[in-house]
Structures are given as C-alpha cells and as structure tokens.
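Working through the structure, step by step
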Amino acid sequence: MPIRKLSPLLINQIAAGEVIERPASVVKELVDNALDAEASMIEVAVEEGGTRLVRVRDDGKGVPAGEMGLALEQHATSKVAEPGDLERVGTLGFRGEALASIASVSRLRMVSRVRGEAEGVAIAREGVGGGGVEPVGCGFGTVVEVRDLFFNVPARRKFLRSPGTEMGHISDTVQRLAMTHAGVEFRLSHNGRVSLDLPSGQGRVERAVAILGKDLAEGLIPFEEEAGGGAKVWGLAGEPSLARATGKAQHLTVNGRPVKDRNLQHAMREAYRGLIPPDKFPLVVVMVELDPSEVDVNVHPAKSEVRFRNAGMVHGLVLNGLRRALLAKDLTPKAGFGRGANGIGTPVLTPMASAESESASGAFVDYFKRMDPTQKGLVFEEVKREMAEVDPVGLADAAELGTPAMPAPVAGVERVLQVHNSYVVTQDDQGILIVDQHALHERVMFERLRARIIDQGQALESQRLLVPTVVDVDPGREVAAEQLAWLVGRLGIELEPFGKGKLAVQAFPSLLFDRGVEPGAFVGELLDKGQAGAFDDGKGGSGADASVVEAALSEVLDMMSCKAAVKAGDKLSDGELAELLKQRESIERSSNCPHGRPTTLRLSLKDLERQFGRS
Ligand code: ADP
Ligand code: MG
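As a starting point, this report considers the structure included with it. (Residues numbered from 1 in each chain as written. Chains lettered and ligands numbered in written order. Predicted model: local features only at pLDDT ≥ 70, side-chain atom pairs only at ≥ 80, totals over all residues. Heavy atoms only, no water.)

1. Digging into unusual backbone geometry
- A positive phi is found at E38, a non-glycine position, where the angle reads about 60 degrees.
- Counting through the fold element by element, E38 comes out in the loop between α2 (23–36) and β1 (41–47).
- Classification of E38 by relative accessible area gives exposed; the value is 61%. (Helix = DSSP H or I, 4+ residues; strand = E, 2+ residues; numbered from the N terminus. Buried < 20%, exposed > 50% of the residue type's maximum accessible area, 1.4 Å probe, protein only.)

2. Section: helix α20 (residues 574–586)
- Helix length check: α20 (13 residues) gives 19 Å between terminal C-alpha atoms against 18 Å at 1.5 Å per residue, within 8%.
- Buried within α20 are the following residues: E576, L577, A578, E579, L580, L581, Q583 and R584. (Expected span 1.5 Å × (residues − 1).)

3. Things to note about the sheet that holds strand β4 (residues 120–126)
- Strand order in this open sheet of eight strands is β5-β4-β3-β6-β2-β1-β7-β8, and the pairing throughout is mixed. Two strands lie at the open edges of the sheet, namely β5 (134–136) and β8 (193–198), each paired on one side alone. Averaged over neighbouring strand pairs, the angle between their axes works out to 15 degrees when direction is ignored.
- Helix-sheet contacts for α2 involve β1, β2 (53–58), β6 (141–147) and β7 (185–190), and the interaxial angle to β2 is about 10 degrees. (Pairing = 2+ DSSP bridges. Axes fitted to C-alpha atoms, helices over the stretch in contact; angles between N-to-C directions. Contact = heavy atoms within 4.5 Å.)

4. Concerning the nonpolar core
- Formed by 59 residues in total, the largest nonpolar core has its most connected members in L30, V31, I42, V44, M110 and F186.
- In terms of residue count, the dominant contributor to this core is α2 (seven residues).
- Sequence-distant contacts of L30, that is, excluding residues within four places in its chain, are made with V54, V56, L99, I102, V144 and V146.
- With 34 residues, the next largest nonpolar core counts F223, V233, F308 and V314 among its residues. (Core = buried A, V, L, I, M, F, W, Y, C linked by side-chain atoms within 4.5 Å.)

Okay, here's the thing in structure tokens:
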C-alpha cells in the first residue's frame with residue numbers, strides 16, 4: 001500500500017480508540033463539556049448501558065450557531081488558543097477531539113441554544129455522513145445524544161460488556177464528577193429509571209454523603225490542609241472499619257478532575273498504614289487544589305492522569321491531611337449485635353457505623369476470620385501451655401523504652417478482667433471495651449520503638465552475645481547488610497564479617513533477646529526483606545522519599561513489635577493489665593495494631609440497653 005494521508009474519519013476513529021473506550025467514556029467527555037460550559041444542572045439519560053443511547057443535557061452557556069459545525073471538527077476547541085495556554089489549563093477539556101471522536105463511532109446529534117438567542121441550532125453526524133446546521137426550537141443550554149456506539153467499529157463493539165456492567169462504569173463516572181462539583185444538580189437515569197438525583201447547591205460534605213451513603217456519614221472525618229503557593233487539599237477520611245476490598249471508594253480529584261495517581265495513592269496507603277490490613281483500601285475523598293501551572297494535564301488522551309511539578313509537596317500535603325484527621329479521632333470500632341427476628345439475635349461483631357453496608361461489615365468479618373488463630377487467642381492448646389508460665393511478660397521493658405514508666409494501677413480503669421488469658425475487658429464512659437492483648441501490646445511496642453528510634457534518634461538498648469550467632473549471607477544479603485547499616489545500628493544490632501559468606505551477630509536488642517527471639521533467624525529475615533526491596537533507600541529526603549524511609553522503618557518495627565509483644569495465652573498480672581490499658585490511652589493509633597487489625601472493640605451502653613429491651 002502506498003503512503004497516503006489518512007481521511008478525517010480514520011483520524012477521528014484512531015483518536016476515538018484512545019479516548020472512547022466504552023459508553024462511560026462518552027458520558028465522561030459529555031459531562032466534562034457541560035461542566036466547562038458552567039452548567040448548574042446536568043442530566044444524563046442512558047439506555048442499555050449506554051450502548052443504545054447516552055443523552056447529556058445541560059443548562060450551560062451553549063454553542064453559538066456559527067460554531068456548531070466546528071464543535072464536531074477534530075482539533076477544534078474554545079478552551080485553549082496558544083501554546084502558553086497549555087501550561088495553565090483551567091477547564092476539564094482542552095484537546096478539542098472528544099466530540100469529533102464520538103461522532104466518528106456513533107450516531108450523534110447535538111442541539112444547543114445560547115442565552116439571549118431566539119432559537120437554537122441542531123447538527124447531526126453518523127460516522128462521516130450527516131447534515132448541516134439547522135435551526136430548532138429548544139431550551140437554553142445543550143443536549144448531546146449519542147446513539148448506537150461503535151455501530152461502525154465491530155471490533156470495539158465486541159468488547160462491550162453487559163448493560164449492567166457498562167452502567168456500573170457510567171454510574172461511577174457520574175458519581176466521581178458529581179462529587180467534585182457539589183453545587184451542580186446531577187441526575188442519572190437508566191432505561192427511564194432514575195438512579196442518582198442530586199440537588200443543586202449542596203455543600204461538599206453533604207454531596208459526598210449523598211453519594212457514598214448516609215449510613216457512612218458518622219465514619220467520615222473531614223480534613224483540610226494547606227501548603228505554600230495556594231496548594232490545598234480538602235477531603236474526608238473514612239474510618240478504618242469502612243475500608244474496602246477495592247480502590248473504587250477512593251475519590252481523588254485534582255482541580256476538579258477525577259484522576260488516577262500512583263504517587264497520591266501511595267500517600268493514602270501510607271496515611272492508613274497500620275490502621276487497615278495491607279490488602280484493603282481506605283474509603284477516602286481527596287480533593288487537591290493547585291495553581292494550574294503546577295499541574296500538567298496534557299499527559300494522557302483520556303485526561304485521567306496528571307503530572308505534578310512538585311510531586312513530593314502534593315504527596316506530603318495529602319499524607320499530612322489524612323494523617324491528622326485520623327489521629328484526631330477515637331477510632332475504636334464498635335462491637336454490635338446482629339438483628340435477629342425478635343431483635344435479640346446472636347451477638348456478632350460488626351462495625352455499627354456501617355451496619356447497613358454489606359461490604360464494610362463483610363470486610364470486618366473477613367479480616368477477623370483471617371486473623372492468625374494464635375492471635376485470636378482461641379486456640380486453647382496454646383492457652384493452656386502458656387498458662388503454665390507464671391511470670392511471662394516484660395511489660396516493664398516497654399515502659400522503659402520511651403516515656404517514663406507509668407504508675408499502676410490507674411484510676412478509672414481499676415475494673416479489669418482478663419479473659420482466656422487473651423482478652424482484657426474493661427469499661428470507659430461509653431460502654432464496655434474488649435481489648436486483644438497481643439494486638440494492643442504490639443501497637444504499644446511499635447509506637448514506643450518508633451518514638452525512640454525516629455523522634456529521639458536513639459539506638460535501642462542492646463545486649464552483647466556471649467557466643468556470637470553466625471548468619472550465612474549470600475551476595476544479596478551482603479548488599480542488603482551494607483544498605484541497611486544505618487537501620488541495623490539503630491536497632492542495636494552489631495554485625496561483623498566472619499569469613500567468607502558469613503556475618504556474626506555480636507549484639508542484639510535486649511527487648512527481643514528477653515522474649516527469646518533467635519538473633520540469627522531475625523537478622524536473616526531482616527536482610528531478606530531488605531534484599532527484596534521492602535525498605536529501599538534509607539537516605540531520607542523530602543516528600544515521597546521520606547515516606548519510603550518511614551515505610552522501611554515501619555516494616556522493621558512491625559516485625560520487632562510482633563515478636564516482642566505479649567501473646568494470646570500470656571497471663572498478665574493486675575499491674576501489667578493496668579499498665580497496658582494506661583498505654584492504650586497515651587499512644588497514637590491505639591485503635592489498631594500495626595497490621596491494621598483492631599486492638600479494641602467497644603460495646604456501647606446504648607446497644608446494651610437496646611439488646612436488654614431497656615430502651
Ligand atoms: P474540548 O472539550 O476539548 O474543547 P470537545 O470536542 O469536547 O473538545 O468540544 C469541542 C467544543 O465544543 C468545546 O471547546 C466547546 O466550545 C463546545 N462544546 C462542547 N460541548 C458543549 C456544551 N455542552 N456546552 C457548550 N459548549 C460545548
Ligand atoms: Mg470536551
């Protein structure tokens with residue numbers, strides 16, 4: 001085939017290949033246009049998952065009759081005019097190709113009337129064909145109708161899913177856009193049935209709650225954070241118990257544009273580190289606002305990714321905002337009761353804030369099920385064996401680590417009961433607290449170790465080994481040992497070369513030693529993790545770099561605190577119990593262990609009253 005110029009139809013269809021993946025992409029582009037036209041009402045009507053029809057109506061400023069034909073041309077836009085404009089795009093659209101692309105793969109009709117005009121104009125396209133502009137009677141604003149998507153591109157049509165699935169994507173798209181434009185009225189219907197109806201003039205929290213579900217409102221913590229240069233983030237941090245199995249409940253926008261961004265997803269994960277299990281996704285709304293010159297939006301044809309001039313700053317902004325929100329609230333999950341037929345059903349553990357929400361309570365039950373059985377404290381063999389030990393626990397060690405030891409017992413928590421040598425039951429002003437002693441102690445150890453190593457910059461107390469333990473090191477472990485030297489030193493571990501392919505552990509943290517942790521095995525595990533890149537780059541820096549270091553430390557401290565903490569089955573003295581509960585109140589993030597499981601459940605007086613039929 002000789003070289004030849006592509007026809008406009010082919011050019012548009014090639015562009016459509018990138019921009020229009022499925023009906024939801026059509027919806028996104030059309031709603032983007034309505035928002036750019038400053039609409040205060042946007043109505044999306046869909047038939048058969050958008051494969052038969054997508055119609056978007058708005059009351060925005062409309063297209064002047066003389067520009068109607070151009071609107072459907074490729075590379076025609078009213079949003080940017082010269083190269084400099086690309087540096088500071090303030091609209092959602094700017095590429096001038098959405099309508100042309102959509103028209104090339106569907107039957108499109110657009111009707112528009114500018115305010116002040118006596119009548120509107122209509123234009124229709126069908127692949128290449130279609131008439132000119134005709135006058136038509138209509139209201140102010142614009143209606144775009146897209147029928148039979150991909151009617152002329154069988155390859156694409158084949159990849160369309162069921163109407164239900166396609167509608168799911170459309171619904172998600174509309175919700176994301178509606179979330180960030182709280183003041184705009186949105187309506188979405190499928191085959192004539194309204195599935196989303198959001199009034200105009202809503203506030204940001206109100207809009208988010210309307211979309212996420214009223215039953216979640218209690219579990220959303222608002223936050224706001226600013227950095228220099230007008231950089232701001234506003235959002236809602238969902239309580240850990242609302243975490244989901246997928247990232248769908250993460251609403252991230254940059255200057256009103258829903259985006260995917262790995263850097264900021266990392267910031268969200270970091271903020272919830274230790275509050276939710278690693279395989280869960282927090283429920284969050286994060287809206288970043290930056291000067292347009294600080295973001296490059298011209299990165300991706302579908303405009304779903306952006307590039308930040310200062311990614312580290314934005315990362316820090318989001319991380320700090322979320323972190324502060326989470327630290328400011330008592331995150332103890334509630335233990336509730338299932339609803340039996342007579343209202344006195346079997347007690348089940350369910351976060352009450354979301355009792356209505358299947359996925360959230362399901363997630364909770366899931367991670368309870370997945371708990372290491374020895375940590376659940378339900379393995380009676382283990383319990384019996386450990387009960388034989390009379391004075392097993394060095395809680396005092398933990399007290400020595402950081403802040404000065406606290407007196408025990410403590411006023412207000414004197415009513416304490418240890419159950420099955422695994423759980424601690426006590427009360428607070430709201431009800432009954434049930435504490436998983438291992439999980440809580442693990443968190444206590446973690447925070448203390450962190451305070452000592454990071455905040456105070458001190459090495460852990462260590463003990464010289466009478467007989468050094470020799471560890472085999474392959475070249476990978478050797479490199480890891482060099483790279484982790486800074487960390488190894490802080491932990492109070494001393495390593496020395498011991499002939500080829502071997503290292504000797506000369507000193508080991510007292511804390512682990514006293515708990516019977518084997519030095520060789522621990523160091524081996526540490527080096528293997530380092531080798532696997534679990535804690536890459538220990539050099540510090542700013543923004544994302546600093547959080548890499550923190551992630552590394554968290555990994556190691558996780559490992560140490562798990563090994564050093566009291567276990568299920570350890571009998572604790574009254575003094576130790578009081579000390580543990582006292583620490584629960586004084587440390588941060590005490591609601592969850594470093595792996596994100598809850599340390600404490602609360603049975604509220606209100607629930608008890610209801611269950612006993614007293615109210
Ligand atoms: P872009 O949005 O990138 O400019 P589009 O192909 O989506 O490209 O739209 C082309 C032009 O048509 C827009 O620049 C805008 O001037 C006009 N337009 C499209 N939709 C609307 C609408 N709903 N209301 C007003 N003008 C619109
Ligand atoms: Mg557009």
